[in-house]
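Here's the letter readout for the chains.
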Amino acid sequence: MSCVPARTGRQRQRYEDNLRLVSGCIPYRWRKENGDQMGETEEMIEVLMISSPKRDDLVFPKGGWEDDETVIQAACREALEEAGVTGILRETPLGMWEFRSKSSQDLCSMEGGCRGYMFALEVTEELEAWPEQKNRARQWLNIKEAFRLCRYDWMCNALEEFTKVMSEDTKNVDPPSVISADVSECQSESPKCYKRSSTMQHHSVPSKANLLQRASQEIAIHFGY
C-alpha cells in the first residue's frame, strides 16, 4: 500500500462551542502468553501508544475532525497517519472529553480548548511505512504500563473506559459475530477501516475478562478510583 501524505492545515477543521473537535482511538491487540504448567496459554491485551513530536511523552493517535468526514472516518485516518495501523473500529465512542491543549495553544481554539471523541480500534495490520513515521515511534504496552505513562487525566479516563468495554465484550461465550466491512465509510486515506457495532461481541475466551478485571482493579487501587 502506498503511503498517503498526512493532512495538514486547518481549513476544514470542525469547531463547536468555540472548541476544536478532535477524533482519535485506542488501538489494541490480543497477545498470547505462556500459561500454567498444564500448557494452557492466556491472551493479554495490549494498547498502542505513539511518541509526541518534540516532547518526551506517549499519546494515543488523535487529531482534528474535518468537515468532509465523519467522526469515525477521522479516527481511522488519524490511526493511519500517526500510528500506521488499520483495523476494526467500534462505531460507538468510548466517550467524549474536553481538555486544553498543553503543547500549543493554536492547535485548538483561540483559548486552546478541544472536545475529543475516542474509539477502540482492534488492530489488524501494522504498516511498515506511514505518513508521520519520521516524527512518531510506536510502542505496544500492557494496560498497567499504559496507565502509568498517560500524561493527562482525560487519557487515563479514556483508557479506564476502554478496559470496561473490553471486559464486557469478553464475558460473552458465544462464537464471535461475523464482522461486516464497510469500506465505503472510509476515505482513500484510510483503507481497511472496518467498523463493528458495539453490540457485536468478540474474543470469547473467558480468561480475558478475568485478566482485564484484575488489571482494572490494580489500576483503580493505584489511582485511588
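Before reading further, recall that the structure is shown in the block above.
Keep in mind that what you see is a predicted model, and the values were worked out from it rather than measured.

## Here we look at the side chain of Glu69
Mapped onto the elements of the fold, Glu69 is located in the loop between strand 5 (62-64) and helix 1 (71-83). The exposure class assigned to Glu69 is buried, which follows from its relative accessible area of 3%. Separated by 2.6 Å, the side chains of Glu69 and Arg77 make a polar contact.

## Some details on the pattern of salt bridges
Once the charged atoms of two side chains with opposite charge are near each other, the side chains can pair. One pass over the structure, following the stated rule, counts 16 salt bridges. When the shortest N-O distance is used, the salt bridge between Arg151 and Asp57 registers 3.0 Å. Placement of the pair is Arg151 in the loop between helix 2 (143-149) and helix 3 (153-170) and Asp57 in the loop between strand 3 (41-51) and strand 4 (58-59), with a sequence separation of 94 residues. When the shortest N-O distance is used, the salt bridge between Arg77 and Glu69 registers 2.6 Å. The same class applies to Arg77 as to Glu69, namely buried. One salt-bridge network, in which partners are shared between bridges, spans Arg29, Arg31, Glu46, Glu126 and Arg138.

## Let's talk about the pairing of strand 8 (residues 113-126)
Among the 14 residues of strand 8, 10 are classified as buried, and the element is accordingly described as predominantly covered. Here strand 2 (residues 19-34) runs beside strand 8; their pairing, made up of nine bridges, is parallel. The residue bridging Pro27 from the neighbouring strand is Leu121, located in strand 8. In this structure, strand 6 (residues 85-90) lies alongside strand 8, joined through five bridges in antiparallel fashion. Bridge pairing in strand 8 places Gly87 opposite Val123.

## A few points about the state of the cysteines
In this structure the tally under the stated criterion is zero disulfides. For the unlinked cysteine Cys150, the closest cysteine sulfur is that of Cys156, found at 4.5 Å.

## A look at the pairing of strand 3
Of all 11 residues making up strand 3, eight are buried, and the element is well covered by its neighbours. The sheet contact formed by strand 2 and strand 3 spans seven bridges and is antiparallel. Bridge pairing in strand 3 places Trp30 opposite Ile45. Here five bridges tie strand 3 to strand 9 (residues 138-142), and the two strands are oriented antiparallel to one another. Across the sheet, residue Leu48 finds its bridge partner in strand 9, namely Trp140. Where strand 3 meets strand 4, two bridges bridge the pair, whose relative direction is antiparallel. Pairing of Ser51 across the sheet is with Leu58, part of strand 4.

## Considerations on the environment of Ser51
Inspection of the secondary structure puts Ser51 in strand 3. When its relative accessible area of 18% is taken as the criterion, Ser51 is described as buried. Residues Ser51 and Ala83 lie 32 residues apart in sequence; the distance between their C-alpha atoms is 9.3 Å. Not counting residues within four places of it along the chain, the set of residues in contact with Ser51 comprises Asp57, Leu58, Asn135, Arg136 and Ala137. A polar contact of 2.8 Å, which involves the side chain of Ser51, links it to the backbone nitrogen of Ala137.

## Section: unusual backbone geometry
For Asp17, which is not a glycine, the phi torsion comes out positive at approximately 55°. Mapped onto the fold, Asp17 is located in the loop between strand 1 (15-16) and strand 2. Take Asp17: its relative accessible area is 60%, and that puts it in the exposed class. If you check the backbone angles, Asn18 has positive phi at about 65° while not being a glycine. Counting through the fold element by element, Asn18 comes out in the loop between strand 1 and strand 2.

## Describing the packing of aromatic side chains
According to the stated counting rule, one finds three aromatic pairs in the structure shown. Taken together, a centroid distance of 6.0 Å and an interplanar angle of 90° make the contact between Trp65 and Tyr117 edge-to-face. Note that Trp65 is positioned in the loop between strand 5 and helix 1 and Tyr117 in strand 8, a separation of 52 residues in sequence. Aromatic side chains Phe99 and Trp154 sit 4.5 Å apart centroid to centroid with 10° between the ring planes, which places their arrangement in the stacked category. Taken as a pair, Phe99 in strand 7 (residues 95-100) and Trp154 in helix 3 lie far apart in primary sequence, 55 residues in all.

What counts, and at which threshold
Residues numbered from 1 in each chain as written. Predicted model: local features only at pLDDT ≥ 70, side-chain atom pairs only at ≥ 80, totals over all residues. Heavy atoms only, no water. Helix = DSSP H or I, 4+ residues; strand = E, 2+ residues; numbered from the N terminus. Buried < 20%, exposed > 50% of the residue type's maximum accessible area, 1.4 Å probe, protein only. Polar contact = N/O pair within 3.5 Å; in protein donor to acceptor, adjacent residues only side chain to side chain. Salt bridge = Lys/Arg side-chain N within 4 Å of Asp/Glu carboxyl O. Pairing = 2+ DSSP bridges. Disulfide = S-S within 2.5 Å. Contact = heavy atoms within 4.5 Å. Phe/Tyr/Trp six-rings, centres within 6.5 Å; stacked < 30°, edge-to-face > 60°.

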